[in-house]
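Descriptive analysis of the structure
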Amino acid sequence: MKSHTLLMPLDMHLHLRDGVMLENVAPLSAYSFSGAIVMPNLVPPVENKEDVIAYKERIMAAVPNDSFEPYMTLFYKNYDKAFLESVADEINAIKLYPAGITTNSEGGVSSFDIEEMRPTLQAMSDMGIPLCVHGETDGFVMDREAEFMSIYELLASNFPKLKIIMEHITTKEAVDMLDRFDNLYATITVHHLILTLDDVVGGMMKPHLFCKPIAKRPEDLDALLSVALAAHPKVMFGSDSAPHPQHKKESCGCAAGIFTAPIALQLLCEIFEQFDKLDNLQAFVSDNAQSIYGICPEFKEVTLEHRPFTVPSDYNGVVPMYAGETLSWAIESVD
Ligand code: DOR
Ligand code: ZN
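Right, let's walk through the structure included here. This is a predicted model, so every value here is computed, not measured.

With that settled, the discussion passes to the pairing of strand β2 (residues 10-14). The element β2 is extensively covered by neighbouring structure, given that 5 of its 5 residues are classed as buried. Here 3 bridges tie β2 to strand β3 (residues 35-38), and the two strands are oriented parallel to one another. Following the sheet pairing, D11 is matched in β3 by A36. Chirality of the crossover, the property in question, places the unit of β2, helix α1 (residues 19-32) and β3 among those that are right-handed.

Here is the structure:
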């Protein structure tokens, strides 16, 4: 039977939530990933040193001993340098959300006034703290990411030494930006390597495939696949796995977010095999991220096998992408 081994898989964009949900989902990521960049959009957001330390402790308490490294982030505000110096050792990045653009982002940035942001961004640049960005405007939903490119340009050109990570990119425009600015990087989800808008709303509406940014056009999917499959050194896997209780997804006000953490590696094997690029998956799921973030995860070896795996209908009330469907790769062992 065909098998494929991945070393130290990393999920560079993950929502773990808090409380009962954290206890439900964190072990699923800890099982197959060595570590993850953990998003700070809790209610209230993670925005001071005590919050970061306490949240990290709750994550560690929710996973089996030493099996997983949570790489912590702060919710972006125009923080001053002294504060950043005091918290730098506790975090791996700061996550910027435009205000109100997605789940729990109300306290985000409402004006991209570069002079107002300069002290914070310059200090982050000087200290080597990466800036992760949810890059969407509040324009027409299919154009939001492309419209945000001018803000990436502004940030990248004003702070050429600041590592800026365009999170969960979904468009050809974002892919093209990677080669325009040395300091721009990107995460790509597994669902955006599979879906277009057609899959979400082209037939019956699929709440479990609804997320922000929404999946785009076939030509965007092709652009994302081209850099992911080539393991372009500036792109890394970030699932954006975003659990919501079933009733919040299957409702007339469907929450944005696709829950993929427990099926991500299986799906990635399927995609990379389909294009005969399995050899590049290691770089996409770990090596690139290690270089970009300068991290050195604990050893973990995950072996997958080419055999049918039926996705559970739910994980304690959280419905994953492809619930009940059969994938062609399964996790065989984790050492
Ligand atoms: O679909 C999404 N869900 N996109 C985000 O940016 C946030 C996330 C969440 O936290 O549920
Ligand atoms: Zn996210």
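Having put the structure on the table, let's press on.
We now examine the coordination of the zinc ion (ligand 2). Donor atoms from the polypeptide that bind the zinc ion (ligand 2) are H13 (NE2), H15 (NE2) and D240 (OD), placed at 2.0 to 2.1 Å. Spacing between the donor residues of the zinc ion (ligand 2) along their common chain follows H-x1-H-x224-D. Of the two residues, H13 sits in strand β2 while D240 sits in the loop between β9 (235-237) and α9 (246-249), which places them 227 residues apart along the sequence. Across the pair, D240 and H13 agree in class, each one buried.

The next point concerns the side chain of H244. One can find H244 in the loop between β9 and α9. Among the polar contacts listed, one links the side chain of H244 to the side chain of R17, at a separation of 3.2 Å. Separated by 2.7 Å, the side chain of H244 and the backbone oxygen of A256 make a polar contact. Non-local contacts of H244, meaning those with residues more than four positions away in its chain, are made with R17, M21, T103, K249, A255, A256, G257, G317 and V318.

The rules behind these values
Sequence order sets the numbering: in each chain, residues are counted from 1 along the sequence as written. The lettering of chains begins at A and the numbering of ligands begins at 1, in the order of writing. The predicted nature of this model means local features are confined to residues of pLDDT at least 70 and side-chain atom pairs, given and counted, to a pLDDT of 80 or more, with totals for whole chains, interfaces and linings taken over all residues. Computation of side-chain values covers all heavy atoms of the structure but excludes hydrogens and water. Throughout this description, buried means an accessible area under 20% of the type-specific maximum (1.4 Å probe, protein chains only), exposed means over 50%, and partly exposed covers the range between. Going along the chain from the N terminus, every DSSP run of H or I of four or more residues is numbered as a helix, and every run of E of two or more is numbered as a strand. Here the rule is simple: two strands pair whenever DSSP picks up at least two bridges between them. Place the viewer so that the strands point away; then a crossover is right-handed whenever the path from the first strand over the helix to the second strand goes clockwise. Metal donors: N, O and S atoms at distances within 2.8 Å, or within 3.2 Å for Na, K and Ca, with water omitted from the atom set so that some sites may seem incomplete. Between N or O atoms, a polar contact is any pair within 3.5 Å; within protein, one atom must be a potential hydrogen donor and the other a potential acceptor, and residues adjacent in sequence are included only when both atoms are from side chains. Residue contacts follow a heavy-atom distance rule, with two residues in contact if any of their heavy atoms lie within 4.5 Å.

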